[in-house]
Amino acid sequence: MIYTLTLNPAVDLELQIDQFQFNSVARAKNSRMDCGGKGFNVSRMLRNVNIESTAMGFIGGYNGQRLQTELTSLGIKTNFTEISGETRTNVSIVAHGEQRHIKVNETGPEISSVELANLITAIKQNLKAGDWWVLGGSLPSGVDSTIYAELITLIENAGAFAVLDSSGEALRLGCLAKPTLAKPNLDEAKELLGLSDEGLDDADLWCKALAKQGPKNLVVSLGEEGALYVSGQAFKKISSPEIIEANPIGAGDSMVAGIVWRLSLGETLQKALPYGLACGAATASRPGTELGSLEQVTELVHSIKI
Ligand SMILES: Nc1ncnc2c1ncn2[C@@H]1O[C@H](COP(=O)(O)OP(=O)(O)OP(=O)(O)O)[C@@H](O)[C@H]1O
Ligand SMILES: [Mg+2]
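Here the residue index of a chain counts from 1 through its sequence in written order. As a convention, the first chain written is A and the first ligand written is 1, with the rest following in written order. Residue-level local features of this predicted model are given only where pLDDT is at least 70; pairs of side-chain atoms are given and counted only at 80 or more, and the full residue set underlies all totals for whole chains, interfaces and linings. By convention in this description, side-chain values take in all heavy atoms of the structure and omit both hydrogens and water.

Chemist: When you look at the side chain of Thr54 in this model, what are you seeing that I'm missing?
Modeler: Numbering of helices and strands runs from the N terminus, with a helix taken as a DSSP run of H or I at least four residues long and a strand as a DSSP run of E at least two residues long. Mapped onto the fold, Thr54 is located in strand S4 (residues 53-60). Residue contacts are defined here by distance: any two heavy atoms, one from each residue, within 4.5 Å place the two residues in contact. With residues up to four places along the chain from it excluded, the contact list for Thr54 reads Met1, Ile2, Tyr3, Thr4, Lys77, Thr78 and Asn79.

If you want it as structure tokens, here you go:
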């Protein structure tokens, strides 16, 4: 089984208008609701390639129920920890005519120590050797930045595999706990190493320095440029397939889904990586919050060479 953990989920609401006009009422021509969170994106991408996963994390109130209902209707299993607060809403207003948008994210509810303990208990109850756990995204208030490190230690000690996709302090501390795989993008990797753009010339060196910070395997995604990976002494650059980019948001989460999909079937990282790149590229080619399809991934994966 693949588990995805989303600690700070959101109902993502997008309203589409013609143009921005302040101090007046705009009419939305269209609106759509999505399940916001890196773990949910990973579960949705896995669903698109016909792989089962269980989404875990905190949900609360009416918004929490909406997320649960939506994920269930997509065919994704859930095992959420209920909290007393209300799951946040993130609102985007997109003016297509002007190619501009505004996004406002709620901070979200504070997680109590009892709620956090309940989540950790739920995770412990599901731990089984050989399973895969994707830990992704930002942390809600009330949850310390050591949480991913704590969970990675639990998961890896149980003989399961942890995959980390986060940023800042949660990523740094999580890496120290030696997850099976970490997948920062270039900005997250730079922040982790304190590198400036000038320090990026020798990718072999800085990637290996990054790998020394703990993760057993490391993939740094570079958007349309592809990805770098370090596994033991091996260092490789892989180019992404060419696509016409529509919206790259969520490409990283799709990449994680693609890699974990193949690793969970027992393939090596080297064999799994092209599926990660193909899933990322497929999603980047789709508009809005749509993710790539199995047909696209199957077509793209053959054009990737390591
Ligand atoms: N324009 C593109 N063309 C081809 N492939 C792309 C493009 N954008 C993204 N990808 C693929 O998706 C992978 C992940 O993209 P990226 O590095 O942008 O992730 P990210 O910044 O973590 O994204 P997010 O966190 O929004 O999901 C890349 O390594 C690449 O394989
Ligand atoms: Mg990312």
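Chemist: Explain the packing of aromatic side chains here, please?
Modeler: Any pair of aromatic rings gets described here by the distance separating the centres and the angle formed by the planes. Aromatic rings from Phe, Tyr and Trp, with only the six-membered ring used for Trp, were paired whenever their centres fell within 6.5 Å, and each pair was classed as stacked if the ring planes differed by under 30 degrees, edge-to-face if by over 60, and tilted otherwise. With the rule as written, the count across this model stands at 5 aromatic pairs. The criterion for a charge sitting over a ring is simple: Lys NZ or Arg CZ within 6 Å of the ring centre, and within 35 degrees of the ring normal. Against the face of Trp261 rests Arg262, its NZ or CZ located 4.9 Å from the ring centre. Sitting above the plane of the Tyr275 ring, Arg262 keeps its charged end 3.9 Å from the centroid.

Chemist: Just to check I follow, could you spell out the packing of helix H6 (residues 186-193) against helix H7 (residues 203-211) for this structure?
Modeler: Axis angle and axis distance: for two packed helices, these are the angle between their axes and the distance between the axes, and together they describe the pair. One can describe the packing of H6 onto H7 by two numbers: an axis separation of 10 Å at closest approach and a directional angle of 70°. With respect to H7, the element H6 is oriented roughly perpendicular. The residues of H7 that touch H6, namely those facing Leu186, Ala189, Leu192 and Leu193, are Trp206, Ala209 and Leu210. When residues are sorted by character, Ala, Val, Leu, Ile, Met, Phe, Trp, Tyr, Cys and Pro go into the nonpolar class, Asp, Glu, Lys and Arg into the charged class, and all the rest, Gly among them, into the polar class. Grouping the constituent residues of the contact of H6 with H7 by class yields 7 nonpolar, no polar and no charged. A fitted line through C-alpha atoms represents every axis, and for helices the fit uses only the stretch in contact; the resulting angles, taken between N-to-C directions, go from 0 to 180 degrees. Roughly parallel here means an angle under 35 degrees, roughly antiparallel means over 145, roughly perpendicular means 65 to 115, and every remaining angle is called oblique.

Chemist: Mind showing me how you'd approach the site of ligand 1 here?
Modeler: If a single non-hydrogen atom of a residue is within 4 Å of a molecule or strand, that residue counts as near it. Taken together, 22 residues lie around ligand 1, and Lys183, Ser221, Gly226, Glu245 and Gly252 are the ones closest in. Contacts described as polar in this section are N or O atom pairs within 3.5 Å, which, within protein, must combine one atom able to donate a hydrogen with one able to accept it, while residues neighboring in sequence count only if both atoms come from side chains. Lys183 has a polar side-chain atom sitting 2.8 Å from an oxygen atom of ligand 1. Gly223 places a polar main-chain atom, nitrogen or oxygen, 2.8 Å from an oxygen atom of ligand 1. In short, Shrake-Rupley with a 1.4 Å probe defines the accessible areas, and a residue's cover is counted only from the protein chains shown. Contact with the protein chains removes 89% of the 630 Å² of surface that ligand 1 exposes when unbound. Contributing elements (two or more residues each) for the shell around ligand 1: helix H8 (251-264) and helix H9 (269-284).

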